[in-house]
Amino acid sequence: MLGMYKLVDTSVMVDLQKYIDLTDADFCTAILAIIFNPFFWNIAARFEHKTRFLTRLCQSPYNGCYFLGTLIILLNICRSHCFTTAMKTQPKLDILDCITVYYMGLIILVAGTVFVVCSFYALGFVGTFLGDYFGILMDTKVTGFPFNVMDNPMYWGSTANHFGWALLNASPVGLILTAVVALTYKVAIMFEGPFTEEIYQEKEKLEKNK
């Protein structure tokens, strides 16, 4: 019985190796791009909050936020390119390469895009791209759609986009990369959430002391 389990495990590993090469350069580049992006914008935003470096460099907090936001957009475009390239250079999974999965991926992609676009519309450019860290604080918390459906809809909408794109391409590597995206965003939220709360708590204390 033990020998049978070992045989099954070995066959599964062999099958996976046909579709997934974890040592592929494009795959590794995509992993690095996925992890680097939120790491970069969290470090940059915290550095700005502490030193006002970008505010001084760009001569105003708004210009600094626009500058950082533009960098983040460019990095995300690069990440998407790396994600797509990693999928294209590795085989499709036969069980995913069917019309049902294709349309499922399309629906998920559209839903994710709705969450991302509506989040951006609700927050605006400055609210989306860490304006809080530049001292540009919102008067009230955004509670409308999609924030009344879930927390952090921008991040989870982006994750859904990657998931849908992976399904559209019938890519097992895409599914693995999507899991990395979700995990990276989860870690980013753990750092961003409490820090943002501290910023608004500081604002409340200052207003009470006036």
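Relevant structure appears above.
Parameters and conventions
- Residues numbered from 1 in each chain as written.
- Predicted model: local features only at pLDDT ≥ 70, side-chain atom pairs only at ≥ 80, totals over all residues.
- Heavy atoms only, no water.
- Core = buried A, V, L, I, M, F, W, Y, C linked by side-chain atoms within 4.5 Å.
- Buried < 20%, exposed > 50% of the residue type's maximum accessible area, 1.4 Å probe, protein only.
- Helix = DSSP H or I, 4+ residues; strand = E, 2+ residues; numbered from the N terminus.
- Contact = heavy atoms within 4.5 Å.
- Salt bridge = Lys/Arg side-chain N within 4 Å of Asp/Glu carboxyl O.
- Axes fitted to C-alpha atoms, helices over the stretch in contact; angles between N-to-C directions.
- Parallel < 35°, antiparallel > 145°, perpendicular 65-115°, else oblique.
- Left-handed = near helix turned anticlockwise from the far one by under 90°.
- Nonpolar A, V, L, I, M, F, W, Y, C, P; charged D, E, K, R; others polar.

Draft legend 1. A look at the nonpolar core. Membership of the largest hydrophobic core comes to 33 residues, with the highest contact counts inside it found for L68, L130 and L177. Looking at this core, the elements with two or more residues in it are α2 (25–51), α4 (61–88), α6 (153–168) and α7 (172–209). Excluding its chain neighbours within four sequence positions, the residues that come into contact with L177 are F27, A30, I31, I34, F83 and A86. Counting 6 residues, the second-largest nonpolar core is a separate cluster that includes L96, I108, A160 and L167.

Draft legend 2. Expanded view of the pattern of salt bridges. Taken as a whole, this structure holds 1 salt bridge when the rule is applied. Residue E48 pairs with R52 through a salt bridge whose shortest N-O separation is 3.8 Å. By relative accessible area, E48 is classed as buried at 0%.

Draft legend 3. A look at the packing of α4 against α6. Relative orientation of the contacting elements α4 and α6 amounts to 25 degrees, with a least axis distance of 11 Å. Considered as vectors, α4 and α6 are oriented roughly parallel to each other. Viewed along their axes, α4 and α6 form a crossing whose handedness is right-handed. Of α6, the residues touching α4 (which contributes R79, F83, T84 and M87) are S158, H162, W165 and A166. Residues that form the contact of α4 with α6 fall into these classes: 4 nonpolar, 3 polar and 1 charged.

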